[in-house]
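# Descriptive structure summary
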Amino acid sequence: MYDAEKDLNYINRQLAYYLYIVGLDYENIDFYTIDIIINRARNLTQAPIDEVESNKLNYHDNDLYLFLKNQRISLIGNIRRIWYMRQLALGAIKNAV
Amino acid sequence: MQYEYDYFANLIKLIKYIDIESVEDSIVKSKKINEYLESLSIDKRKIAVGMDFMIWYFDVFSKDTHFWNTNPAYFYAANTHEFGFLTAKPKTTLMTLPSFNTGLLNLMAKRSELTLLNNYQLHLFENFIYKKDFDYKTLLIQEIENGTEKKYDFICMSIHDVIHDPALVVKFFDCLTEGGTLMMLYTGTDQLYKKESIFTDFFEVHQKLINIKNSSVYHNPTGAAVTYAVKV
């Protein structure tokens, strides 16, 4: 049977890792919103994506740009997914459906 | 769009399944789960949930007339999953996404000793899908991290189980018996087939599998893509 507490323990450990990467402290998790975390991640991985996609900059084949772009996609995607899974585990604990 | 529709409508005439989930059953299941998810205080703004399909899956598949519920590509995509399971002929199996791939889950439950991973998929499955018509064991992801004593002939998992920690895919592989097959679903992204592929975490997961000494690795890009790794 599903054990929400143990699922949450794993998710929180992963989230703590990503919070550390973006310069936030897991001890303060209750004070963070997803907006705060995502904005930190965006500032950490700045890449001129809009400028390249609108052809103002011609970096389409630039390795450094492609690296930064994909680091950003990965970091933000992982944070969003882990945050969502955390909400699901918390919901399971709260509702005990 | 008509070309794609005709393409898949004709492709599915070439396929015969044992246990695929019907579109109707998928819609009923997704509606129940989506209703539950909407009852949670989950932030559904785009900045919060992004484009990750793990997050929008039940929302999309609960809509009767959505593209994916009216397009035979959905029905076609599962053919490689069932093929992977049947050809592996496993006695013991581990599955991580029973709420997404319920048809395959039913087949695995009928034909193997089934274990399900302790995650939100299990929670949704137990509360909204499970009819208590078969038994299964459960496994914590922490147990996979630490190395399981029990090994499995076949593992059906999603790349989303490990994408936040690509090295974890090696731990999943370690759970295989010799000759066992790991079938990882949803392993394709647009970037994976472009020059920037090598900078993606999807590529990194594949590299981790390829770098295992006793692995052979295959990637099928059709549908949302499937990657197989066999312990040789």
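For the structure, see preceding data.
Attention in this report is confined to the structure presented alongside it.

Take the overall build of chain B next. Looking only at helices and strands, chain B has 12 helices and seven strands in total. For 232 residues, the compact-globule formula gives about 17 Å, and the C-alpha radius of gyration of chain B, at 17 Å, lands near that figure. Dimensions of chain B along its principal axes, counting C-alpha atoms only, are 45 × 45 × 40 Å. Per-residue burial over chain B gives 38% buried out of 232 residues.

Let us look at the interface of chain A and chain B. Between chain A and chain B, the residue contacts involve 30 residues of the former and 32 residues of the latter. Counting residues per element, the ones that place at least two in the side of chain A that touches chain B are α1 (4-21), α2 (34-44) and α4 (63-95) of chain A. In terms of residue count, the dominant contributor to the side of chain A that touches chain B is α4 of chain A (17 residues). Split by residue class, the side of chain A that touches chain B holds 16 nonpolar, seven polar and seven charged.

All names here are of chain B. Across five bridges, strand β5 (residues 176-185) lies against strand β7 (residues 226-231) in antiparallel orientation. Across the sheet, the residue bridging to Met-184 is Thr-227, located in β7. One ladder, built from six bridges, connects strand β6 (residues 215-220) with β7; its direction is antiparallel. The residue of β7 that forms the bridge with Tyr-218 is Tyr-228. Joining the antiparallel neighbours β6 and β7 is a turn of five residues, in which Gly-223 adopts a positive phi near 65°.

All names here are of chain B. By the secondary structure assignment, Asn-106 is in helix α8 (residues 102-111). On the basis of neighbour count, Asn-106 is assigned to the partly exposed category, with 19 C-beta atoms found within 10 Å. Residues Asn-106 and Ala-77, 29 residues apart in the sequence, show an inter-C-alpha distance of 17 Å.

Below, the discussion takes up the packing of α2 of chain A against α4 of chain A. All names here are of chain A. Across the interface, α2 lies against α4 with an axial gap of 9 Å and an inter-helix angle of 165°. The orientation of α2 relative to α4 falls into the category roughly antiparallel. Once α2 is placed against α4, the crossing between them reads as right-handed. Along the contact surface, α2 presents Ile-34, Ile-37, Ile-38 and Ala-41, while α4 presents Leu-75, Ile-76, Ile-79 and Trp-83. Its residues assigned to classes, the contact of α2 with α4 shows eight nonpolar, no polar and no charged.

Here we take up the nonpolar core. The nonpolar side chains of a soluble globular protein tend to be buried with one another. Core analysis: the biggest nonpolar cluster contains 69 residues, and Ile-79 of chain A together with Met-95, Met-108, Ile-155, Cys-156, Phe-172 and Leu-182 of chain B have the highest contact counts within it. Broken down by element, this core gets its largest block of residues, 11 residues, from α4 of chain A. Both of domain 1 (2-76) and domain 2 (79-231) of chain B provide at least three residues apiece to this core. Filtering out sequence-adjacent residues up to four positions away, Ile-79 of chain A remains in contact with Tyr-18, Ile-37, Ile-38 and Ala-41 of chain A.

About the criteria used
- Residues numbered from 1 in each chain as written.
- Chains lettered and ligands numbered in written order.
- Predicted model: local features only at pLDDT ≥ 70, side-chain atom pairs only at ≥ 80, totals over all residues.
- Helix = DSSP H or I, 4+ residues; strand = E, 2+ residues; numbered from the N terminus.
- Rg over C-alpha atoms; globule rule 2.2 N^0.38 Å.
- Buried ≥ 20, exposed ≤ 12 C-beta atoms within 10 Å, placed from the backbone.
- Contact = placed C-beta atoms within 7 Å.
- Nonpolar A, V, L, I, M, F, W, Y, C, P; charged D, E, K, R; others polar.
- Pairing = 2+ DSSP bridges.
- Axes fitted to C-alpha atoms, helices over the stretch in contact; angles between N-to-C directions.
- Parallel < 35°, antiparallel > 145°, perpendicular 65-115°, else oblique.
- Left-handed = near helix turned anticlockwise from the far one by under 90°.
- Core = buried A, V, L, I, M, F, W, Y, C linked by C-beta atoms within 7 Å.
- Domains from an automatic or database assignment.

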